[in-house]
Amino acid sequence: TSISLVIRDGSFLYAQNNTKRSIKERLMKLLPCSAAKTSSPAIQNSVEDELEMATVRHRPEALELLEAQSKFTKKELQILYRGFKNECPSGVVNEETFKEIYSQFFPQGDSTTYAHFLFNAFDTDHNGAVSFEDFIKGLSILLRGTVQEKLNWAFNLYDINKDGYITKEEMLDIMKAIYDMMGKCTYPVLKEDAPRQHVETFFQKMDKNKDGVVTIDEFIESCQKDENIMRSMQLFENVI
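The rules behind these values
Residues numbered from 1 in each chain as written. Predicted model: local features only at pLDDT ≥ 70, side-chain atom pairs only at ≥ 80, totals over all residues. Heavy atoms only, no water. Helix = DSSP H or I, 4+ residues; strand = E, 2+ residues; numbered from the N terminus. Buried < 20%, exposed > 50% of the residue type's maximum accessible area, 1.4 Å probe, protein only. Contact = heavy atoms within 4.5 Å. Areas by Shrake-Rupley, 256 points an atom, 1.4 Å probe, with all protein chains shown as cover. UniProt positions renumbered as here; feature names shortened; annotations may be inferred. Core = buried A, V, L, I, M, F, W, Y, C linked by side-chain atoms within 4.5 Å. Polar contact = N/O pair within 3.5 Å; in protein donor to acceptor, adjacent residues only side chain to side chain. Arc of directions from axis to C-beta. pLDDT = per-residue confidence, 0-100. Phe/Tyr/Trp six-rings, centres within 6.5 Å; stacked < 30°, edge-to-face > 60°. Lys NZ or Arg CZ within 6 Å of the ring centre and 35° of its normal. Axes fitted to C-alpha atoms, helices over the stretch in contact; angles between N-to-C directions. Parallel < 35°, antiparallel > 145°, perpendicular 65-115°, else oblique. Left-handed = near helix turned anticlockwise from the far one by under 90°. Nonpolar A, V, L, I, M, F, W, Y, C, P; charged D, E, K, R; others polar. Salt bridge = Lys/Arg side-chain N within 4 Å of Asp/Glu carboxyl O.

When its secondary structure is counted, the chain shows 12 helices and seven strands. Taken over 240 residues, the chain has a buried fraction of 45%. Of all intrachain contacts in the chain linking residues separated by at least 6 positions in sequence, the fraction that spans at least 24 positions is 61%. Looking at the chain as shown, the accessible area adds up to about 12600 Å², and 51% of this sits on carbon and sulfur atoms.

As structure tokens, then:
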């Protein structure tokens, strides 16, 4: 059974995910590889080889560029792109599709709001669609980026209006979305005011100069000094 994690008041809070998928399997569900539905391994391998060659022919320059810009190998990018095109023939994922896919990971809660914030973090050019390039760049940071890169990405997620600062209201919106997504299948059981308590504690730690906002420097410094947060940053390394 997969476990989802969020930091609460300096300690780990676990949410049981009954989909029984590993992190890798859940990511591949988001971009499922187009395996041929046939009982013959030889036919299946042949079809997959043809698909891979088609992928290579279709975007060789783009894949080579993404290999240079990401921490994935060309082979990994070919597999991810094959799945992306199979699931999203238009070449982009819109927000509604993203929400539908994400809801499968957390059936015990409501992931709609968190998926909205996550979609906006992946949609770096803010055009209402996530391209393969957008997804790979974000995925590369989350799975194989440095701690600094991951913290920068997390700051962007919490900075909802993208003005370069995190307000207490923005942090609360994200935390409420996370708790809604986790639902009631958590240990220990959550209190109704848990998100606000969580935010009060962390915002007070992060807002060093007490000006009511958290800057990127304050955010990174605070996270780097918290062993639990730093440990959580290592969870997603090298899972693909």
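From this point, the discussion proceeds with the structure in view.
What follows concerns the UniProt feature "domain: EF-hand" (unreviewed entry) in the chain. Per the UniProt record, "domain: EF-hand" (unreviewed entry) is found at residues 110-145, 146-181 and 194-229. With 72% helix and 6% strand, residues 146-181 has its two end C-alpha atoms placed 27 Å apart.

Grouped together as the largest cluster of nonpolar side chains are 55 residues, with contacts concentrated most on Y102, M171 and F219. When sequence neighbours within four positions are dropped, the list of residues in contact with Y102 reads S111, Y114, A115, L118 and M181.

Residue position: E76 is located in helix α4 (residues 74-87). At 2.8 Å, the side chain of E76 forms a polar contact with the backbone nitrogen of T73.

Further remarks concern helix α5 (residues 95-103). Among all positions of α5, only E95, F98, K99, I101 and Y102 are buried. Buried residues of α5, viewed axially, fall in a sector of 165°; they line one side. Residue N94 occupies the N-cap position of α5, its side-chain oxygen lying 3.3 Å from the main-chain nitrogen of E96.

So, on to the confidence of the model for the chain. Of the residues in the chain, 68% have a pLDDT of 70 or more, and the chain-wide mean is 75. In this model, residues 1-24 is a region of pLDDT below 50 whose contacts with residues beyond four sequence positions or in other chains number 84 contacts. With pLDDT under 50 throughout, residues 43-60 is counted as low confidence; its partners more than four residues away or in other chains account for 20 contacts.

The tally for this structure, following the rule as stated, stands at 12 aromatic pairs. When the centroid spacing of 6.0 Å and the interplanar angle of 10° are considered together, the rings of F98 and Y102 count as stacked. Of this pair, F98 and Y102 are both found in helix α5, four residues apart, which corresponds to roughly one turn of the helix. The buried category is assigned to F98, whose relative accessible area is 3%. Members of the aromatic cluster, connected to one another through ring pairs, are F98, Y102, F105, F106, Y114, F119, F122, F135 and W153. Above the plane of the ring of F202 lies K205, whose end atom (NZ or CZ) is 5.3 Å from the centre.

Running from N to C, helix α8 (residues 147-158) and helix α11 (residues 216-224) cross one another at 125°; their axes reach a closest spacing of 10 Å. Put simply, α8 runs oblique to α11. Note that α8 runs across α11; the crossing there is right-handed. Between α8 and α11, the contacting residues are Q148, L151, N152, A154 and F155 on the first element and I216, F219, I220, C223 and Q224 on the second. The class makeup of the residues in the contact of α8 with α11 is seven nonpolar, three polar and no charged.

Residues other than glycine seldom take positive phi values, yet H126 does so here, at roughly 55°. The residue K210 is not glycine, and still its phi comes out positive at about 55°. Tracing the chain through its elements places K210 in the loop between α10 (194-206) and β7 (213-214).

Take the pattern of salt bridges next. Two side chains of opposite charge can pair, provided their charged atoms sit close to one another. Inspection of every chain in the model, using the stated rule, returns seven salt bridges. Across the pair K74 and E64 runs a salt bridge whose closest N-O atoms are separated by 3.5 Å. A residue pair is termed long-range when its members are at least 10 positions apart, and K74 in helix α4 and E64 in helix α3 (residues 60-69) qualify at 10 residues. A relative accessible area of 26% means that K74 is categorised as partly exposed. Judged by its relative accessible area of 44%, E64 is partly exposed. The salt bridge involving K168 is made with E200; its shortest N-O contact spans 3.3 Å. With K168 in helix α9 (residues 168-182) and E200 in helix α10, the pair connects residues that are 32 residues apart, well separated along the chain. The class for K168 is partly exposed, based on a relative accessible area of 28%. By relative accessible area, which is 34% here, E200 ends up partly exposed. In this structure, a network of salt bridges that share partners links the residues E95, E96 and K99.

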